[in-house]
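# Structural characterization, general
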Amino acid sequence: MTTQQEASTSIEAANDSVQRTLPFDDTQDFADAERGLIARLSPAVVRNDDGAVVWDSGAYSFLDDECPPTVNPSLWRQSKLVAMQGLFEVTDGIYQIRGLDLSNMTLIEGETGVIVIDPLISVETAAAGLALYREHRGDRPVTGVIYTHSHIDHFGGVKGVTTEQDVAAGRCPILAPVGFTEHAVEENVYAGTAMGRRAAYMYGAALPRGPLGAVGAGLGATTSTGMATLIAPTVQIDHTGQTVILDGVRIEFQMTPGTEAPSEMNFYFPDRRALCMAENATHTLHNLLTLRGALVRDPHVWSKYLTEAINRYAGRADVVFASHHWPTWGTERLTEFLSVQRDLYGYLHDQTLRALNKGATGIEIAEEIQLPPAIEKSWSTRGYYGSVSHNVKAIYQRYMGWFDGNPSTLWQHPPTESARRHLDFMGGADEVVAKARKSYADGDFRWVAQVLNYVIFAEPDNAEAKELQADTLEQLGYGSENGTWRNFFLMGAYELRNGSVGTPTVTAAPDIMAELSVEQAFDAVALRVDGPRAWSASIVIDWRIADSANVHRTQLRNGLLVHFDVEGDLPAAELTVTLSESDLRAALLGGEDLQKMVSAGRVSIDGDAGKLAELVGYLDAPDPDFAIVTP
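Residues numbered from 1 in each chain as written. Predicted model: local features only at pLDDT ≥ 70, side-chain atom pairs only at ≥ 80, totals over all residues. Heavy atoms only, no water.

Attention now goes to the overall build of the chain. A tally of helices and strands in the chain yields 22 helices and 21 strands. Taking the principal axes of the C-alpha coordinates as reference, the chain spans close to 75 × 70 × 55 Å. Taken over 631 residues, the chain has a buried fraction of 54%. A separation threshold of at least 6 residues defines the contact pool for the chain, and within that pool the share at least 24 residues apart is 73%. Carbon and sulfur atoms form 50% of the exposed surface of the chain, whose accessible area is close to 26400 Å². For the chain, the centre of its 49 positive side-chain charges and the centre of its 83 negative side-chain charges are spaced 3 Å apart. (Helix = DSSP H or I, 4+ residues; strand = E, 2+ residues; numbered from the N terminus. Buried < 20%, exposed > 50% of the residue type's maximum accessible area, 1.4 Å probe, protein only. Contact = heavy atoms within 4.5 Å. Areas by Shrake-Rupley, 256 points an atom, 1.4 Å probe, with all protein chains shown as cover. Lys, Arg positive; Asp, Glu negative; His and termini not counted. Charge placed at Lys NZ, Arg CZ, Asp CG, Glu CD.)

Following this line, the structure appears as structure tokens:
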């Protein structure tokens with residue numbers, strides 16, 4: 001195993017410059033992050049039923065030391081803040097569990113129990129957080145759950161705070177914005193394998209915790225690795241101004257679709273003068289296109305919803321809190337905090353559009369754009385999770401797509417073929433590596449990473465190039481202010497040295513799969529059809545859903561699996577399969593043996609059973625271990 005390097009002189013100098021330039025004497029965030037502390041979880045380790053550690057706050061205790069040369073001082077500061085864990089009082093009757101997962105869990109005390117907002121990623125961390133709350137505030141029953149939006153770190157731990165039985169009996173309603181379930185399951189299933197693999201890089205899954213490895217992801221320390229669950233919402237919030245009284249607590253909602261998530265909402269507690277901003281205003285520049293992959297978010301509408309929140313609620317609020325980071329207290333301070341966040345997203349949007357309408361490309365705009373001084377000097381706008389660089393490119397992509405308009409980039413060779421040609425023009429691999437060593441010594445790590453990538457993709461077994469590339473990515477990580485950039489660079493170095501770590505987490509957890517509609521289940525299957533192998537196939541199967549008497553038809557033709565509800569008279573199918581909706585998901589996506597289900601009487605088949613076997617034979621399996629830094 002190759003030894004990690006220390007910071008180069010150029011990276012050390014760059015980090016020293018950050019220390020001298022930014023206002024580190026401003027410690028208000030530390031005062032806010034510590035305010036209201038009631039108790040910490042001790043020991044700060046959460047385990048699953050098998051005894052495996054799914055969360056360890058103590059792994060970040062090294063952050064108590066001075067910032068070393070291998071970490072950007074600004075990121076070190078942010079990591080110290082997000083590593084603070086425990087139960088905190090926000091205001092009268094409102095508490096937060098912070099530092100026990102990537103996200104926060106908020107608890108609102110009602111007349112008979114407690115309402116949970118965003119129960120973290122994992123059952124285990126959510127249960128540990130609720131137990132910590134009950135230890136200090138009493139054994140109150142959970143009388144409601146609110147999902148602020150459709151990302152897994154805001155619903156995955158729900159079965160750690162309530163049960164399906166309590167929800168079904170009406171003892172614990174679950175509130176969520178309209179479209180929540182659809183977006184939650186699609187994100188974790190449709191492109192879940194690819195997103196999960198890249199998330200391993202984004203959150204530094206294999207990296208040791210420490211000054212040479214993972215120090216935090218900017219939004220939180222990292223993601224927990226326990227069991228993710230989902231209970232479908234029972235109350236849908238569908239318009240701004242909608243008011244719900246839950247366990248005696250009055251809540252007014254603001255819909256914010258298309259901001260940080262396609263389905264998201266803020267809400268206001270008028271009787272407590274408290275405003276929850278979900279993930280729309282946190283102490284960082286957020287992602288417009290997360291590095292793990294997602295739909296590009298809309299900074300224009302994001303900015304407008306922040307304006308609406310300021311106008312509707314800021315003047316009536318004494319505290320603003322969110323599903324990440326720490327609250328801001330005081331009407332004047334929270335109004336300014338929300339206003340700077342609004343200005344940040346709006347400015348990036350408008351200035352990117354201004355530049356692209358003058359012909360600049362995304363990569364050019366990202367290098368040239370400068371934030372206004374008032375935004376630049378605010379700690380809450382620093383690029384710890386999102387970054388100006390990749391957010392500007394995301395805005396360009398949202399409006400213009402991948403093509404920069406230059407015909408020379410319209411039909412370029414794919415990476416491996418391009419790499420071989422680059423090496424030929426550059427004089428061969430040995431020459432490129434030799435020149436790259438000089439550029440490395442000069443501190444031009446961005447260029448070294450680019451040219452060594454050609455060598456590795458042209459000659460995957462070139463050990464010298466891979467070793468130097470690992471050293472290069474390491475230096476880029478050491479200099480990154482952005483937590484997820486650091487993790488990506490250091491994970492790339494790790495895999496070049498040690499091989500792939502695959503996908504440590506499972507995005508398509510059983511509870512998430514169980515919420516797929518019939519339409520979504522067949523969508524997920526259609527994405528697995530090996531088109532070229534199925535070009536000449538013609539298969540028509542009807543799927544009779546016993547629960548609803550609905551009949552859904554699949555038709556494989558021209559390598560495409562078309563599917564739709566059967567309405568009216570259609571030519572007979574070659575095969576009819578009758579089964580429950582849950583068995584449909586189990587057979588199509590859960591890996592259950594359909595023949596055994598037939599033998600057990602759970603599934604009946606009428607027609608040519610060979611057609612089903614033929615269809616299954618055309619399905620491809622996703623690869624959770626695909627290469628990233630090698631071809």
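Turning next to the nonpolar core. The biggest cluster of nonpolar side chains holds 54 residues, and the ones touching the most others in it are M105, V142, V145, Y147, F155, V161 and I512. Looking at this core element by element, the count peaks at 5 residues for helix α4 (residues 123–137). (Core = buried A, V, L, I, M, F, W, Y, C linked by side-chain atoms within 4.5 Å.)

Alternating positions in strand β7 (residues 114–117) separate into two faces, V114 and V116 on one and I115 and I117 on the other, with burial throughout. Relative to β7, strand β6 (residues 105–109) runs antiparallel, the two sharing 4 bridges. What sits directly across from L107, in β7, is V116. Hairpin remark: β6 followed by β7, antiparallel, with 4 residues in the connecting loop. For β7 and strand β8 (residues 142–146), the ladder comprises 4 bridges, and the chain directions are parallel. Note on β8: the bridge partner recorded for V114 is V142. Between the parallel elements β7 and β8, the chain passes through α4 in a crossover that is right-handed. (Pairing = 2+ DSSP bridges. Right-handed = clockwise from strand over helix to strand, strands pointing away.)

Let us look at helix α3 (residues 73–82). When you tally the buried positions in α3, you get 9 out of 10 residues, the bulk of the element. All of the buried residues in α3 are P73, S74, L75, W76, R77, Q78, S79, L81 and V82. Packed against the buried residues of α3 are α1 (9–21), α2 (28–34) and α17 (483–498). One side-chain oxygen of the residue at the start of α3 lies 2.9 Å from the amide nitrogen of S74, identifying that residue as N72. (Polar contact = N/O pair within 3.5 Å; in protein donor to acceptor, adjacent residues only side chain to side chain.)

Attention shifts here to unusual backbone geometry. Residue P43 is bonded to the preceding S42 through a cis peptide linkage, with omega at -5°. Mapped onto the elements of the fold, P43 is located in the loop between β1 (37–39) and β2 (45–47). In this structure, L120 is a non-glycine residue whose phi angle is positive, near 60°. In this structure, L120 sits in the loop between β7 and α4. Relative accessible area serves as the criterion here: at 0%, L120 is assigned to the buried category. Here the phi dihedral of D247 falls at roughly 50°; this positive angle occurs in a residue that is not glycine. Looking at where D247 falls in the secondary structure, it is placed in the loop between β11 (243–246) and β12 (249–255).

Interpretation in functional terms is not warranted from these geometric data alone.
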